[in-house]
Amino acid sequence: MSDQAATIGPVSTEDTDFDKDRARHEALSSEITEHRRRYYVDNEPTVSDAQFDELMHELVDIETRRPELKSSDSPTEQVGTFSEAFTPVRHLEKMLSLQDVFSEEEVRLWAERVSEEAAGAQYLCELKIDGLAVDLVYERGQLVRAATRGDGTTGEDVSANVATIAAVPQRLRAAEGFDVPELLEVRGEVYFPSADFEKLNEAQVAAGKAPFANPRNAAAGSLRQKDPAKTAERPLSFISHGLGALRGFRPESQSHSYAALEAWGLPTSPYWRVVDTMDEVFGYLHEFGAKRHELVHEIDGVVVKLDDIASQRRLGATSRTPRWAVAYKFAPEEVNTKLLDIKVSIGRTGRATPYAVLDPVRVAGSEVEFATLHNADQVKAKGVKIGDTVVVRKAGDVIPEVVAPVDAARDGSERDFAMPETCPECGSTLAPASEGDVDLRCPNARSCPAQLRERLFYLAGRHCFDVDRMGYIACTALVQPLEAEPVLKDEGGVFDLNMDELKPIRVVVRDPDSGLPKVDKKTGKDKIATPFAKQPHKKTGVIDPRKNAEEMLQNLKKARSQPLWRVLNALSIRHVGPVSAQALAEHFGDLDRIIEADEAEMADVDGVGPIIAAAVKDWFAVEWHREIIERWRAAGVRMRDEAPSGADAVAKTLVGATVVITGAIPDHTRESAAAAVKARGGKVTASVSKKTSAVVAGDKPGSKYEKAVELGVRVVPGEEFERMLEAGLSEGVESDPE
């Protein structure tokens, strides 16, 4: 060893850790800067908002631990960037970004910090619209300039394009108590209304063009057109949510400024609310977290601000964010991930659906590894290729969907998808069921294990026989057990199952959304389960296979007494769902009468029509379908609804009334409340119109309540529901005061 080497000595762990942090900081800074350019300048982001947030938070964590790495040109100190394709324009006051937080605990910590400077101050809560931030400047009431946010200091001049947006007034109007100020700088959001966005994407796909990934991208792309005439073709809208430079107006609070904006003709959100406590703030978060898909525009969170302007001034801002406001982000419903493969699943009516096999990713609170692609035409229209980075969306309980490919992320290794010619599970040749059908279907309805598996799972569901313990894995086991013959050849024998047939059956676990086998991440092999076994006994370690099986058989026995509409719905007749099944059951009251009815008679039933009537007649014309009915009848399944009499009969108090039910009704599920209305001669519909007789509004009623108030439709509070059933819509039933 040389003398020089000997004097160096061992490298300290602290130095090594610092070098790692510095290297990661440099890599993150470069990556975030590139993503900002793609987002703000190219309008072609290659990562989702949630994934960008993760990168930014990692950078913030490093700078918190290593403040010496932070500099004025760090992405954490910048707001965004701007394109040189438009004329640069300097904002009168800097447009800041908002501090993002992702948990209620972080919101509470923020509130504790600001309370030191603003004890007892009120909070203003508003929705975080997923759009494009813009800055409007009015001089003596006349709009003189509109610009994008850009890097917060300098934006892009989009005045000509903003002039085409009807929601942005060209001239402000004076109002009582609110004179038009000499100078007014307005901050707001240009957005694409959700309904119009869906129509735009339908038109894009129909024209053979790639759909927009989300409304924000559509809004940004539409606003930043070089030709304002093209912007004018898109139904953009605008909501204002803040003020910059002012002369001739001095608001006392954020809510005071919103009242002024509305008076001058600038739109503000109808959903903002001033509250006194953090409990009310969290109530607002929960309320709009549940309503987020019922609004006119997309939102990705809630903004909480101190309402008092003086408190805002005392708290001030960092170089990037105001200290007096915070943005609570909902769990992301859109992420980017790798599309590993495209496979095909078969549904209960034989429909062949392409499914994306994804690099597992967390979205809307759950891990997603499969997503629907609808049909081969949609795969082609969306331009999706195997190997693409794709935008995946999962809204609430909706099945995950591949929205669009991220073209900018392609490297040339991607390949086209070809729809198979045969069923992947039974080998039958796939073909359209009829002329004009865009879907390919497996014609082997009786014997295809995929179709039977899906039909069994459907008939066990809550809109059919509602059989607890008969889940997706159990249904798969009955049709596709490993190392054994199937227990069921079709659903006719489901009520004849016995314990001897339900010994511990091993089965490949399948995903209930796609029907595709799940893979064990540790072994890389298909997951295996024993669905009719419980966990090993804690002391003996013995697995008892009887417990789950016994409960399922008992629940099947109870299910035989379900009403006729559930039996009809459980048959998986194409086009027949819960609503049409109830309509047929209520009209005929007897399955034999439905079988005997001619097509015209069924088509005349309100809620049925010719397509459903034809499907019902076609279904009952198949011999093995009728065999299912006879086996169920022999097993004791209820085939007719007895009309109530005597003490069980109810007065027809709601004959001719059309009722909408929304929110939680005391002592009722949504289904039992609807059944109670129908039993009294009323009709239950899903949407509110001028023809609606009454809207029953329970706890957290949502947009249907608001629609009723807007149209002047009678609103019956949930606690008055029982009285309405008894008395009808008489004067004795109180209406909501609003």
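K.L.:
How should I be thinking about the sheet that holds strand β21 (residues 694-697) in this particular structure?
P.N.:
Strands belonging to one sheet form pairs held by backbone hydrogen bonds; the direction of such a pair is parallel or antiparallel. Taken in spatial order, the four strands line up as β20-β19-β21-β22 in an open sheet, and their pairing is parallel. Each of the sheet's edge strands pairs with one partner strand only, and the pair in question is β20 (683-684) and β22 (715-717). Pairing between β21 and β22: three bridges, direction parallel. The residue bridging V695 from the neighbouring strand is V715, located in β22. Along the sheet, helix α22 (residues 670-679) makes contact with β19 (658-662) and β20, crossing β19 at roughly 165°. Along the sheet, helix α23 (residues 703-711) contacts β19, β21 and β22; its crossing angle with β19, the most-contacted strand, is approximately 135°.

K.L.:
Sorry, what's going on with the nonpolar core here?
P.N.:
Side chains of a nonpolar character, in soluble globular proteins, are inclined to be buried together. In terms of nonpolar packing, the biggest core is built from 61 residues, with L456, F465, M470, I594, F620 and W632 touching the most fellow members. If you list the elements that add at least two residues to this core, you get α13 (449-459), α14 (472-479), α15 (546-559), α16 (564-569), α17 (578-588), α18 (591-596), α20 (609-620) and α21 (623-634). Setting aside anything within four residues of it in sequence, one finds M470 in contact with L456, L459, A460, C475, L478, V494, M552 and L556. Judged by nonpolar contacts, the second largest core, of 34 residues, contains V190, F212, L223 and Y258.

K.L.:
What exactly am I supposed to notice about the packing of aromatic side chains here?
P.N.:
In this description, an aromatic ring pair is defined by two values, namely the gap between the centres and the angle between the planes. Going through the model one piece at a time under the given rule, you end up with 13 aromatic pairs. With centroids separated by 5.1 Å and ring planes inclined at 80°, the aromatic side chains of F249 and W264 adopt a geometry described as edge-to-face. Note that F249 is positioned in the loop between β8 (237-247) and α9 (254-264) and W264 in helix α9, a separation of 15 residues in sequence. One exposure class covers both F249 and W264, and it is buried. Ring geometry for F465 against F495: centres 5.1 Å apart, planes inclined by 80°, an arrangement best described as edge-to-face. On the criterion of sequence distance, the pair formed by F465 in the loop between α13 and α14 and F495 in the loop between α14 and β17 (507-508) is long-range, its members being 30 residues apart. Cluster of aromatic residues (ring-pair linked, three or more members): F178, F249 and W264. Over the ring of Y458 we find R348; its NZ or CZ atom is 3.6 Å from the centre of that ring.

K.L.:
Looking at this model, I keep getting lost on the side chain of S253. Mind explaining?
P.N.:
Among the structural elements, S253 can be located in the loop between β8 and α9. At 3.1 Å, the side chain of S253 forms a polar contact with the side chain of S255. The residues contacting S253, other than those within four sequence positions of it, are D307, D308 and I309.

K.L.:
Honestly, the pairing of strand β15 (residues 389-393) in this entry has me stumped. Any pointers?
P.N.:
Within a regular beta strand, the side chains point alternately toward one face of the sheet and then the other, so they alternate between its two faces. Counting buried positions along β15 gives four out of five residues, so the element sits mostly inside the fold. In this structure, β15 lies alongside strand β16 (residues 401-405), joined through four bridges in antiparallel fashion. Directly across from V392, in β16, lies its bridge partner V402.

K.L.:
Please explain the pattern of salt bridges as it appears in this structure.
P.N.:
Proximity of charged atoms lets side chains of opposite charge pair with each other. Counting across every chain of the model gives 36 salt bridges. The closest approach of N and O atoms between R410 and D388, which form a salt bridge, is 2.7 Å. Of this pair, R410 sits in the loop between β16 and α13 while D388 sits in the loop between α12 (376-382) and β15, and the two are 22 residues apart along the sequence. On the accessibility criterion, R410 (29% relative accessible area) is partly exposed. A relative accessible area of 0% means that D388 is categorised as buried. The salt bridge involving R453 is made with E425; its shortest N-O contact spans 3.0 Å.

Conventions we followed
Residues numbered from 1 in each chain as written. Predicted model: local features only at pLDDT ≥ 70, side-chain atom pairs only at ≥ 80, totals over all residues. Heavy atoms only, no water. Pairing = 2+ DSSP bridges. Helix = DSSP H or I, 4+ residues; strand = E, 2+ residues; numbered from the N terminus. Contact = heavy atoms within 4.5 Å. Axes fitted to C-alpha atoms, helices over the stretch in contact; angles between N-to-C directions. Core = buried A, V, L, I, M, F, W, Y, C linked by side-chain atoms within 4.5 Å. Buried < 20%, exposed > 50% of the residue type's maximum accessible area, 1.4 Å probe, protein only. Phe/Tyr/Trp six-rings, centres within 6.5 Å; stacked < 30°, edge-to-face > 60°. Lys NZ or Arg CZ within 6 Å of the ring centre and 35° of its normal. Polar contact = N/O pair within 3.5 Å; in protein donor to acceptor, adjacent residues only side chain to side chain. Salt bridge = Lys/Arg side-chain N within 4 Å of Asp/Glu carboxyl O.

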